[in-house]
Protein chains: 2
Amino acid sequence: MNFCSHCGAPVRLAIPEGDDRPRYLCESCGTIHYQNPKIVAGTLPVSGDRVLLCKRAIAPRYGYWTLPAGFMENAETTVEAALRETREEAGAEVDNVTLYTLINLPHIDQVYMIFRGELKGEFTAGIESLEVALFREEDIPWDALAFSTIERTLKHFFADRKNDHFPLHISDIRKRQGADEPPAV
Amino acid sequence: MNFCSHCGAPVRLAIPEGDDRPRYLCESCGTIHYQNPKIVAGTLPVSGDRVLLCKRAIAPRYGYWTLPAGFMENAETTVEAALRETREEAGAEVDNVTLYTLINLPHIDQVYMIFRGELKGEFTAGIESLEVALFREEDIPWDALAFSTIERTLKHFFADRKNDHFPLHISDIRKRQGADEPPAV
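Residues numbered from 1 in each chain as written. Chains lettered and ligands numbered in written order. Predicted model: local features only at pLDDT ≥ 70, side-chain atom pairs only at ≥ 80, totals over all residues. Heavy atoms only, no water.

Engineer: Would you take a moment to explain the sheet that holds strand β2 (residues 23-26) of chain A for this structure?
Structural biologist: Think of a sheet as strands paired side by side through backbone hydrogen bonds, with each pair either parallel or antiparallel. Residue and element names in this part refer to chain A. The strand order across the open sheet built from three strands is β1-β2-β3, with neighbouring strands paired in antiparallel fashion. Each edge of the open sheet is held by one strand with a lone partner, namely β1 (11-14) and β3 (32-33). In the sheet, β2 pairs with β3 via two bridges, with the strands oriented antiparallel. Considered in β3, the bridge of Tyr-24 is made with His-33. (Pairing = 2+ DSSP bridges. Helix = DSSP H or I, 4+ residues; strand = E, 2+ residues; numbered from the N terminus.)

Engineer: Explain the relation of the copies chain B and chain A here, please?
Structural biologist: Both copies of the chain are related by one operation, a rotation about an axis with a shift along it. The two copies are related by a screw motion: chain B maps onto chain A through a turn of 180° and a shift of 0.0 Å along the axis, at an RMSD of 0.0 Å. Overall, the copies show the geometry of a two-fold rotation axis. When the interface residues of chain B are mapped onto chain A, 100% of them again lie at the interface, so the same face is used by both copies. (Least-squares fit on C-alpha atoms with pLDDT ≥ 70 in both. Contact = heavy atoms within 4.5 Å.)

Engineer: How should I be thinking about the domain arrangement of chain A in this particular structure?
Structural biologist: Think of interface size as the accessible area that goes away when the parts come together; that is how it is often given. Split into domains, chain A comes out as domain 1 (7-36) and domain 2 (38-172). Placing the centre of domain 1 of chain A and that of domain 2 of chain A at their C-alpha centroids yields a distance of 36 Å. (Domains from an automatic or database assignment.)

Engineer: Before we go on, may I ask you to explain the sheet that holds strand β1 (residues 11-14) of chain B in this structure?
Structural biologist: Residue and element names in this part refer to chain B. Pairing in this open sheet of three strands is antiparallel, and the strands run β1-β2-β3 from one edge to the other. The open sheet has two edge strands, β1 and β3 (32-33), and neither has a second partner. With four bridges connecting them, β1 and strand β2 (residues 23-26) associate as antiparallel partners. Each bridged residue has a counterpart across the sheet, and for Arg-12 the counterpart in β2 is Leu-25.

Engineer: I keep staring at the packing of aromatic side chains and nothing clicks. Help me out?
Structural biologist: Aromatic rings in a pair are described by how distant their centres are and how their planes are angled relative to each other. One pass over the structure, following the stated rule, counts 10 aromatic pairs over all chains. Seen in terms of ring centroids, Trp-65 of chain B and Phe-135 of chain B are 4.9 Å apart; in terms of plane orientation they differ by 80°. Their pairing is edge-to-face. On the criterion of sequence distance, the pair formed by Trp-65 of chain B in strand β6 (residues 65-66) and Phe-135 of chain B in strand β10 (residues 129-136) is long-range, its members being 70 residues apart. Of the two residues, Trp-65 of chain B and Phe-135 of chain B, both sit in the buried class. Ring centres 6.5 Å apart and planes at 75° place the aromatic pair Trp-142 of chain B and Phe-158 of chain B in the edge-to-face group. Placement of Trp-142 of chain B in the loop between β10 and α2 (148-161) and of Phe-158 of chain B in helix α2 is noted, with a sequence separation of 16 residues between them. When its relative accessible area of 30% is taken as the criterion, Trp-142 of chain B is described as partly exposed. These aromatic residues form a ring-pair network of at least three members: Tyr-100, Trp-142, Phe-157, Phe-158 and Phe-166 of chain A. Here the guanidinium or amino end of Arg-61 of chain A rests over the ring plane of Tyr-64 of chain A, the centre of that ring lying 3.9 Å away. Sitting over the ring of Trp-142 of chain A, Lys-155 of chain A keeps its end group 6.0 Å from the ring centre. (Phe/Tyr/Trp six-rings, centres within 6.5 Å; stacked < 30°, edge-to-face > 60°. Buried < 20%, exposed > 50% of the residue type's maximum accessible area, 1.4 Å probe, protein only. Lys NZ or Arg CZ within 6 Å of the ring centre and 35° of its normal.)

Engineer: Help me understand the interface of chain B and chain A in this model?
Structural biologist: Taken residue by residue, the interface counts 38 residues in chain B and 38 residues in chain A. For the interface between chain B and chain A, the tally reads six salt bridges. For the pair chain B and chain A, the interface holds 16 residue pairs in polar contact (both at pLDDT 80 or more). For the side of chain B that touches chain A, the element with the most residues is helix α1 (residues 78-90) of chain B, which contributes four residues. Taken together, the residues that form the side of chain B that touches chain A break down as 16 nonpolar, 10 polar and 12 charged. (Salt bridge = Lys/Arg side-chain N within 4 Å of Asp/Glu carboxyl O. Polar contact = N/O pair within 3.5 Å; in protein donor to acceptor, adjacent residues only side chain to side chain. Nonpolar A, V, L, I, M, F, W, Y, C, P; charged D, E, K, R; others polar.)

Engineer: Help me out: how do you make sense of α2 of chain B in this one?
Structural biologist: In an α-helix, one turn spans 3.6 residues; hence positions three or four apart end up facing the same way. Look at α2 of chain B: 20 Å from first C-alpha to last across 14 residues, which is about the 20 Å you get at 1.5 Å a residue. Inspection of α2 of chain B places Ser-148, Thr-149, Ile-150, Thr-153, Leu-154, Phe-157, Phe-158 and Asp-160 of chain B among the buried residues, and these make up the whole buried set. (Expected span 1.5 Å × (residues − 1).)

Have a look at this one:
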């Protein structure tokens, strides 16, 4: 951030009076520009013993597999965001969704919320996907998953499936997993 | 938003190519300025049969009672945000927190996450609170609560306490509850 989005004057990074962390401040109009984490909402669509994955047609992680997910938009709920992303990326509808993983990624200012649900009917690759397909546990492309959040969600799912019990899993991923792990989404 | 925060040129509201909703676009440097919902994180601090509430010393809803909560910051997790707000507003520490209510407010682009936990030791009003106090169910100031999210969380809690079972409650509040209900936080 270089300029005030309200008045167009240059901003500077400083700790406002009464605050305890740096913000972008406009000394011309006085606006304080707060920046906050974003929610990434998506689904884990389940069909019998298989789950739906999308092969990414966009950067980052072009060609890697992911669950349908993306940034929550203004004016929608977390479930609405998850279902919209599933429609957009996988041409799929999912029923009976429940919140399944909530993963904080403080190093990239994101909170993932993945909802588990039942895949309904057909699916088809959206413009952000090269391909959409169903995978049994033994066929999951573990070495070609796009993000650590997706790997973690799938591992929880296949472990929980053994007991047919799917509690909410809240966890954190605090650092990049390596050079091959760019900011999510 | 009137100006591009990257280059300072005027922005206009238009639907970018390949997108389906209006964004603030900079035609000078090409930046698309996305705007996304914010997370409000807080706690429901419990001490025996009482819960801790804070009387607000700031607008909106000056003088009304609330649970300690506020906007999640970059570089923290949802739990860290909830505990930080509890420290700042109530001078209190809370143990053994679990996510208790997740409330979507799409009309104001917020997602509330309130964590239930055990109040530890002393508490004291922070600069954003006029007063901090413990309330039994029969003493809750229902007509002087600051936000509908807080009322809903407290109602869930006192109902669940009868069964000593506190599942996660996910719900939506879609419109303002009336003229006395300004944007939350």
